Amino acid sequence: MWLNPNLATSGVLSVTLLEEMAAAEQRLRRCSGLLKILFPELEGRQTVIESELVKTKRLQHALDCTSGSSGEWFMKTDHMLPIAGSIKARGGFNEVLAFAEKVAIDNNLLAADSDRALLASKSVRELFSTYTLSVGSTGNLGLSIGTLAAALGFKAVVHMSNDAKDWKKHRLTNSGVLVVEHIGDYASAVDAGRRDALADPHCHFVDDEHSVMLFAGYAAAAAPLAAQLAEQGRKVDAEHPLFVYIPCGVGGAPGGITFGLKSLYGANVHCFFAEPVAAPCMLVQLAAGLDSPVSVYDIGLDNVTEADGLAVGLASQFVAATIAEHLSGVFTVTDDALFKQLQQVKLFEGFELEPSAAACVSGPNWLSATESRRSYLREHDLERRMKDATHVIWTTGGSRVPAQEHLRFQDRGAQLLANSSE
Ligand SMILES: Cc1ncc(COP(=O)(O)O)c(C=O)c1O
C-alpha cells in the first residue's frame with residue numbers, strides 16, 4: 001500500500017469539473033425516458049443508470065480482520081449496472097448522450113429544452129447514421145459506448161488491444177459494433193483509434209485518457225451514493241468517516257468518483273484505489289510526481305494481468321493531476337487474490353464478478369492489518385472513530401460476463417482458496 005504524501009485536508013476542486021459533473025447528473029436524468037425507449041429492459045426502473053448499495057454482512061463476518069470493530073462494510077454494486085454491466089456506464093453514457101444532443105441540436109432536430117425521447121425518432125436516427133462514435137478500450141468502456149452508440153443509430157467502432165477478452169469482442173460485434181484489434185497494449189489501441197478518428201470530421205473519438213465528459217459522468221455516481229448511505233442510516237462526518245475502495249485502470253472511473261465524493265464529503269471521505277501488482281499505473285505516476293509521464297514499464301513491470309479492465313501501463317495524466325491531492329492511497333492486488341476474492345464474494349454474497357471488479361474486497365483490511373498501514377488512521381486521528389466508519393467496496397463489472405466465463409473464474413478461485421487453506 002502506498003499512502004499519498006500530498007493528500008490535502010482541504011484540497012481545491014476545479015469549478016469547471018464541478019459544473020460538468022452537475023451537467024452530467026442532469027443529462028443522465030433528462031435522458032432516462034430516451035434510454036427506456038432504446039432499452040425496454042429498463043422499464044419500471046426508477047433510476048435507469050444506478051446500482052444498489054448493499055450491506056455485506058456475511059462477507060464482512062468472514063473476512064474482517066478487526067472482527068467488526070472498524071465499522072460496517074457495504075458494496076456498491078456497479079457490476080449490476082444495466083446495459084453496460086460495469087462502472088463504465090455512467091461516464092460512457094454521459095459522453096455518448098452529450099454528443100447525440102449536440103449533433104441533433106446543431107442540425108435543428110432538437111431544441112435545448114425538448115424531450116430527449118426525440119433522439120429515438122426516425123429522422124434523428126437517419127442523421128446519426130452519418131456519424132461515427134469511436135473509442136479505444138480494454139473492453140468495458142467499449143461495451144458502454146458501443147452499445148449505446150449503436151442503439152442510437154450511430155456507427156460505432158471500438159479499438160481493442162489483441163489481448164482483450166474474446167467474449168467482449170463477440171458481444172460488441174453482435175450489437176452492431178465494429179471491433180478493430182491492435183497489436184500492443186491498451187494505450188496503443190487508444191492511440192490508433194485517436195489517429196483514425198482525427199482523419200474523419202464526422203467521427204467523435206471518446207478519449208479514455210483525456211475525456212472530461214467521461215470523468216464527469218463517473219463523478220455523477222457520488223450524489224446517488226450519498227442518498228443510499230443516508231437511506232441505510234449511515235452518517236458521514238468527522239466522527240463517522242467514509243472509506244471507499246475503487247479498482248483503477250487508466251483512472252477515469254475511480255478518479256471521477258473520488259472527485260464527486262470529495263465535493264460532497266471533503267476530508268471525511270477517504271478514497272483508495274486498487275491496482276494489479278503488474279499494472280499499478282496510478283500509484284507509479286503519483287509516487288513519481290506529475291512532472292512527466294511515468295509508466296509501469298519504466299519501473300520494470302510488464303502490465304500482464306488477468307484483470308483486463310485494469311491492464312493499463314500509463315495512467316491518464318489529466319486524472320492523475322486532478323486527484324493528486326485528493327486520493328488517500330493505492331494498494332496492489334495479485335491475480336491470485338483477485339480470483340480468491342471473486343470466489344469469496346460469490347460464496348458470501350452471491351454476486352458474480354469479473355476479476356478486475358474483485359480488486360477491492362481486501363480494501364478495509366488493508367487499513368487495519370499492519371502497523372505501517374495503521375499509520376494512516378493514526379495520522380488522520382481516525383483510530384477512535386473507526387467503530388463508526390463505513391467502508392464501501394466498489395464492485396465494477398461482471399453482470400454481462402457469459403456464464404461459462406464465471407464458472408472458469410470461480411473454479412480458479414475455489415482452487416486457490418482450497419490450496420491456501422491446506
Ligand atoms: C471492471 C472494471 N473496473 C474498473 C475499471 C477502471 O476504470 P478506469 O480505467 O476508468 O480506471 C475498468 C476499466 O475498464 C473496468 O473494466
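Residues numbered from 1 in each chain as written. Predicted model: local features only at pLDDT ≥ 70, side-chain atom pairs only at ≥ 80, totals over all residues. Heavy atoms only, no water.

1. Thoughts on unusual backbone geometry
Despite not being glycine, S67 has its phi angle at roughly 50°, a positive value. Its place among the elements puts S67 in the loop between helix 3 (57-63) and strand 3 (72-77). Residue classification places S67 among the exposed residues on the basis of a relative accessible area of 69%. Phi at I83 takes a positive value of approximately 65°, unusual for a residue other than glycine. (Helix = DSSP H or I, 4+ residues; strand = E, 2+ residues; numbered from the N terminus. Buried < 20%, exposed > 50% of the residue type's maximum accessible area, 1.4 Å probe, protein only.)

2. Regarding the packing of aromatic side chains
Enumeration over the complete set of coordinates arrives at 10 aromatic pairs. Over the aromatic face of F339 sits the side chain of R412, whose NZ or CZ is 4.1 Å from the ring centroid. (Phe/Tyr/Trp six-rings, centres within 6.5 Å; stacked < 30°, edge-to-face > 60°. Lys NZ or Arg CZ within 6 Å of the ring centre and 35° of its normal.)

3. Some points on empty space enclosed by the protein
Overall, the coordinates contain three cavities of 30 Å³ or more when judged by the stated rule. Size it by volume and the largest cavity reaches roughly 250 Å³. Along the wall of the largest cavity there are 25 residues; nearest its centre are I87, K88, G249, G309 and L310. For the lining of the largest cavity, the secondary-structure elements that each account for two or more residues are helix 6 (140-152) and helix 11 (252-265). Per-element tally for the lining of the largest cavity: the top contributor is helix 11, with three residues. The residue inventory of the lining of the largest cavity, partitioned by class, reads 11 nonpolar, 11 polar and three charged. The residue makeup of the lining of the largest cavity includes at least three contributed by each of domain 1 (2-85 + 215-421) and domain 2 (88-213). (1 Å grid on protein atoms, 1.4 Å probe; cavity = no way out; pocket = protein on both sides within 12 Å on 5 of 7 lines; lining within 4 Å. Points joined across faces, edges and corners; volume = space filled by probe spheres on them. Nonpolar A, V, L, I, M, F, W, Y, C, P; charged D, E, K, R; others polar. Domains from an automatic or database assignment.)

4. Quick word on the site of the ligand
Neighbouring the ligand are 16 residues; K88, N140, G249, G251 and T396 lie closest to it. One of the side-chain N or O atoms of K88 is found 2.6 Å from an oxygen atom in the ligand. Contacts to the ligand include T396, whose side-chain N or O atom sits 2.7 Å from a nitrogen atom. Its free accessible area being 390 Å², the ligand has 98% of it covered by the protein chains. Here the ligand is seated within the largest cavity. Of all the elements, helix 11 adds the most residues to the shell around the ligand, at three residues. Partitioning the shell around the ligand into residue classes produces six nonpolar, nine polar and one charged. (Near = heavy atom within 4 Å. Polar contact = N/O pair within 3.5 Å; in protein donor to acceptor, adjacent residues only side chain to side chain. Areas by Shrake-Rupley, 256 points an atom, 1.4 Å probe, with all protein chains shown as cover. Sits in = over half its atoms within 2 Å of the grid points.)

5. Some thoughts on helix 17 (residues 403-421)
Think of an α-helix as turning once every 3.6 residues; residues three or four places apart then point the same way. Here helix 17 contains 19 residues, and its C-alpha end-to-end distance of 27 Å stays within 8% of the 27 Å for a straight helix at 1.5 Å per residue. Buried within helix 17 are the following residues: E405, H406, F409, Q410, G413 and L416. Taken around the axis of helix 17, the buried residues stretch over an arc of 125°, which confines them to a single face. In this structure, helix 17 carries A403, Q404, L407 and D411 as exposed residues pointing more than 90 degrees from its buried face. (Expected span 1.5 Å × (residues − 1). Arc of directions from axis to C-beta.)

6. A closer look at the environment of G350
Looking at the element boundaries, G350 is found in the loop between helix 14 (335-349) and helix 15 (363-368). Residue class for G350 comes out partly exposed when judged on its relative accessible area of 44%. Measuring from C-alpha to C-alpha, the distance between G350 and D200 comes to 46 Å, with 150 residues separating the pair along the chain.

7. Brief notes about the sheet that holds strand 3
Sheet strands line up and pair through hydrogen bonds in the backbone, either parallel or antiparallel. With mixed pairing, the seven strands of this open sheet are ordered in space as 1-10-9-8-11-3-2. Looking at which strands have only one partner, the edges of the open sheet turn out to be strand 1 (2-3) and strand 2 (53-55). Bridging between strand 3 and strand 11 (residues 390-395) involves six bridges; their strand directions are parallel. Looking at the pairing, M75 lines up with I393 of strand 11. (Pairing = 2+ DSSP bridges.)

8. A look at the domain arrangement of the protein
You can read the domains of the protein as domain 1 (2-85 + 215-421) and domain 2 (88-213). Just the C-alpha atoms count here: the centres of domain 1 and domain 2 sit 25 Å apart. Contact residues are listed per partner, giving 43 residues for domain 1 and 34 residues for domain 2. Summed over both partners, the interface of domain 1 with domain 2 comes to about 3,500 Å²; 63% of that surface belongs to carbon and sulfur atoms. Taken together, the connections running from domain 1 to domain 2 amount to seven salt bridges. Its salt-bridge partner being R27, residue E101 comes within 3.0 Å of it at the nearest N-O pair. (Contact = heavy atoms within 4.5 Å. Buried area = accessible area lost by both parts, 1.4 Å probe. Salt bridge = Lys/Arg side-chain N within 4 Å of Asp/Glu carboxyl O.)

9. Overview of the sheet that holds strand 6 (residues 178-182)
Taking strand neighbours across the sheet as the criterion, the four strands line up as 6-5-4-7 in an open arrangement whose pairing is parallel. In the strand order of this sheet, the two ends are held by strand 6 and strand 7 (203-206), each with one partner. In this sheet, adjacent strand axes meet at a mean angle of 20° when their direction is disregarded. The pairing of strand 5 (residues 155-161) with strand 6 spans five bridges and is classified as parallel. Note that in strand 6 the partner of M160 across the bridge is E181. Packing against the sheet, helix 7 (residues 166-174) makes contact with strand 5 and strand 6, and its axis sits at approximately 170° to strand 5. On top of the sheet, helix 8 (residues 186-198) reaches strand 4 (132-137), strand 5, strand 6 and strand 7; it is set at about 145° to strand 5, its chief contact. (Axes fitted to C-alpha atoms, helices over the stretch in contact; angles between N-to-C directions.)

10. Side note on the pattern of salt bridges
Enumeration over the complete set of coordinates arrives at 28 salt bridges. Of the charged contacts in the structure, one is a salt bridge between K122 and E126, with a shortest N-O distance of 3.4 Å. Within this pair, K122 and its partner E126 are both found in helix 5 (residues 122-128), separated by four residues, close to a single helical turn. On the basis of relative accessibility, which here comes to 48%, the residue E126 falls in the partly exposed class. Measuring nitrogen to oxygen at the nearest pair gives 3.0 Å for the salt bridge that ties E181 to K169. One end of the pair, E181, is in strand 6; the other, K169, is in helix 7, and 12 residues separate them in sequence.

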